[in-house]
Amino acid sequence: MKIGVPKEIKNNESRVGMTPAGVFELTKNKHIVFIQSSAGEGSGFFDEDYLNVGAIILQTIEEVYMLSDMIVKVKEPVAEEYPLIKPNQVLFTYFHFASSEELTFAMLKSDAICIAYETVEDKDGSLPLLTPMSEVAGRMAIQQGAKYLEKPIKGRGVLLGGVPGVPPGRVLILGAGVVGVQAAKMAAGLGAHVTVLDTNMKRLRYVNDVMPPHVVTEFSSEYNIRKHIKDHDLIVGGVLIKGSKAPKLITREMLKEMRPGTVIVDVAVDQGGCFETTVPTTHEDPTYIIDDVIHYCVANMPGAVPYTSTLALTNATLPYALQLANKGWKQACKDNEELRLGLNVVEGKVVYKGVSDAFGLPYNDVNEVL
Ligand SMILES: NC(=O)c1ccc[n+]([C@@H]2O[C@H](COP(=O)([O-])OP(=O)(O)OC[C@H]3O[C@@H](n4cnc5c(N)ncnc54)[C@H](O)[C@@H]3O)[C@@H](O)[C@H]2O)c1
């Protein structure tokens, strides 16, 4: 198969869909891989690195789309890419269709085969191609929170780890899922006192089992949240109710209960946020202050650390890309249910219920297109 990796052109996106290690595996399996010149630079991979493992470097994005049977990338195609997509071309990337009617209609019109990273699903219901980005965001939440706690950027002026003779800072984490556990691990590593809240007792048991004793768990209730926000320095929101908007666990009125300079990081901003005062921000201007509480609400946190994020993402996507290349998309999706669940739009038809529901479009059973 001919596989193309274009350079991401979405604003501020430095990740790339495939690393030289991925190209190595694909060329070993006798596939041809086209990389757009400089596509990997933002993630620390240069044209020469790709050439050394057998890739063909193409100068323009037009050539990459024109010559490839399958495109592997990171973000959904942007408007400039729509006319480049060919009928029957396989697109393997994040799409988040339900949040964009324009993208959905463009992909329906293109007659391409759109396999969305975000809906590939394991048998246990977890999302293997979303997990790595939650891991990055969870860990980053503490790094960013620690920074914004510094006084020159209006934080409380607290060092999370404390020093001998001075108690450590206190971190409250809402949600003990992927984001929450990774955040807890980082905060605990810095020596902070950590409180983790969740409504799922299984998750709390897990945290209690694997974390050191200065990470304590409590059931998530409004009572407990109100109690803890008064004396925690950094609050991380990492809750998710699958398929729904995040619940508003911290209201505007509750901000007054916090100490001035408290930092709140809403990782769940992409699902509407779990703080009432959350407004999505960008890496250029990541924070704003309401009632002396610093809000950090960046919707694509992993984008700031492309070296790490590209590796984390491609470690997870490569095994699926290999199956698609080796067997062709139809056979690969027939053989692998996880991958089949990634099919969203196929040759002009919506085959994923969530997408048809979002825009009132006719839904087609995925087996009809296989
Ligand atoms: N901002 C970013 O850049 C970024 C990056 C990655 C993920 N995310 C988002 O972070 C959020 C969390 O992702 P995840 O992978 O950790 O999800 P997850 O499903 O692994 O964990 C969510 C946890 O929230 C818990 N929860 C639900 N309701 C709760 C409540 N009322 N109180 C406390 N806990 C509650 C669930 O029981 C679950 O354990 C998602 O919205 C995800 O899209 C954002």
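Here, the structure is the one placed above.
Reading guide: rules and limits
Residues numbered from 1 in each chain as written. Predicted model: local features only at pLDDT ≥ 70, side-chain atom pairs only at ≥ 80, totals over all residues. Heavy atoms only, no water. Near = heavy atom within 4 Å. Polar contact = N/O pair within 3.5 Å; in protein donor to acceptor, adjacent residues only side chain to side chain. Areas by Shrake-Rupley, 256 points an atom, 1.4 Å probe, with all protein chains shown as cover. Helix = DSSP H or I, 4+ residues; strand = E, 2+ residues; numbered from the N terminus. Core = buried A, V, L, I, M, F, W, Y, C linked by side-chain atoms within 4.5 Å. Buried < 20%, exposed > 50% of the residue type's maximum accessible area, 1.4 Å probe, protein only. Contact = heavy atoms within 4.5 Å. Axes fitted to C-alpha atoms, helices over the stretch in contact; angles between N-to-C directions. Parallel < 35°, antiparallel > 145°, perpendicular 65-115°, else oblique. Left-handed = near helix turned anticlockwise from the far one by under 90°. Nonpolar A, V, L, I, M, F, W, Y, C, P; charged D, E, K, R; others polar. Phe/Tyr/Trp six-rings, centres within 6.5 Å; stacked < 30°, edge-to-face > 60°. Lys NZ or Arg CZ within 6 Å of the ring centre and 35° of its normal. Pairing = 2+ DSSP bridges.

As for the site of the ligand
Every one of the 29 residues lining the ligand counts as a neighbour, but Ser134, Asp198, Ser220, Asp270 and Met301 are closest to it. Valine 178 has a polar backbone atom sitting 3.0 Å from an oxygen atom of the ligand. Between a nitrogen atom of the ligand and a side-chain N or O atom of serine 220, the distance comes to 2.7 Å. Bound to the protein, the ligand loses 85% of the 870 Å² it would expose on its own. Among the elements of the structure, helix H5 (131-148), helix H6 (178-190) and strand S8 (193-198) are those that each provide at least two residues to the shell around the ligand.

As for the nonpolar core
Nonpolar side chains in soluble globular proteins generally cluster together in the buried interior. In terms of nonpolar packing, the biggest core is built from 45 residues, with Ile35, Phe92, Ile115, Trp329 and Leu343 touching the most fellow members. Take this core: its biggest share by element is eight residues, from helix H9 (residues 306-327). Setting aside its immediate chain neighbours within four residues, isoleucine 35 contacts Val5, Val23, Tyr50, Ala55, Ile56, Ile57 and Leu58. Listed in part, the 32 residues of the second largest apolar core include Val171, Val196, Val215 and Val267.

Thoughts on unusual backbone geometry
The phi dihedral of aspartate 111 falls on the positive side, at around 65°, and the residue is not glycine. Tracing the chain through its elements places aspartate 111 in the loop between helix H4 (101-110) and strand S6 (113-116). Residue class for aspartate 111 comes out partly exposed when judged on its relative accessible area of 31%. One non-glycine residue, aspartate 291, adopts positive backbone phi at about 50°. Checked against the element boundaries, aspartate 291 lands in the loop between strand S12 (287-290) and strand S13 (293-296).

Some details on the packing of helix H1 (residues 20-28) against H9
For the pair H1 and H9, the least separation of the axes is 11 Å and the interaxial angle reads 25°. Regarding the angle of H1 to H9, the classification is roughly parallel. Here the hand of the crossing between H1 and H9 comes out right-handed. Contacts between H1 and H9 involve Gly22, Glu25 and Leu26 on the former and, on the latter, Leu318, Leu322 and Ala325. A breakdown of the residues in the contact of H1 with H9 according to their chemical character gives four nonpolar, one polar and one charged.

So, the packing of aromatic side chains
If you walk through the whole model with that rule in mind, you get five aromatic pairs. With 6.5 Å between their ring centres and 70° between their planes, phenylalanine 45 and tyrosine 50 make a pair best called edge-to-face. The exposure class of phenylalanine 45 is buried, given its relative accessible area of 15%. Members of the aromatic cluster, joined through ring pairs, are Phe92, Tyr94 and Tyr117. Taking NZ or CZ as reference, lysine 353 lies 5.9 Å from the ring centre of tyrosine 363, over its face.

Some points on the sheet that holds strand S15 (residues 349-350)
If you trace the eight strands from one edge of the open sheet to the other, you get S3-S2-S1-S4-S5-S6-S14-S15, paired in mixed fashion. Edge positions in the open sheet fall to strand S3 (56-58) and S15, since each of these has one partner strand only. Bridge analysis of strand S2 (residues 32-36) against S3 gives three bridges, and the strand direction is parallel. Bridge pairing in S3 places phenylalanine 34 opposite isoleucine 56. Here H9 sits on the sheet and contacts strand S1 (2-5), strand S4 (70-72), strand S5 (90-93) and S6; the angle it forms with S5, its principal contact strand, is near 170°.

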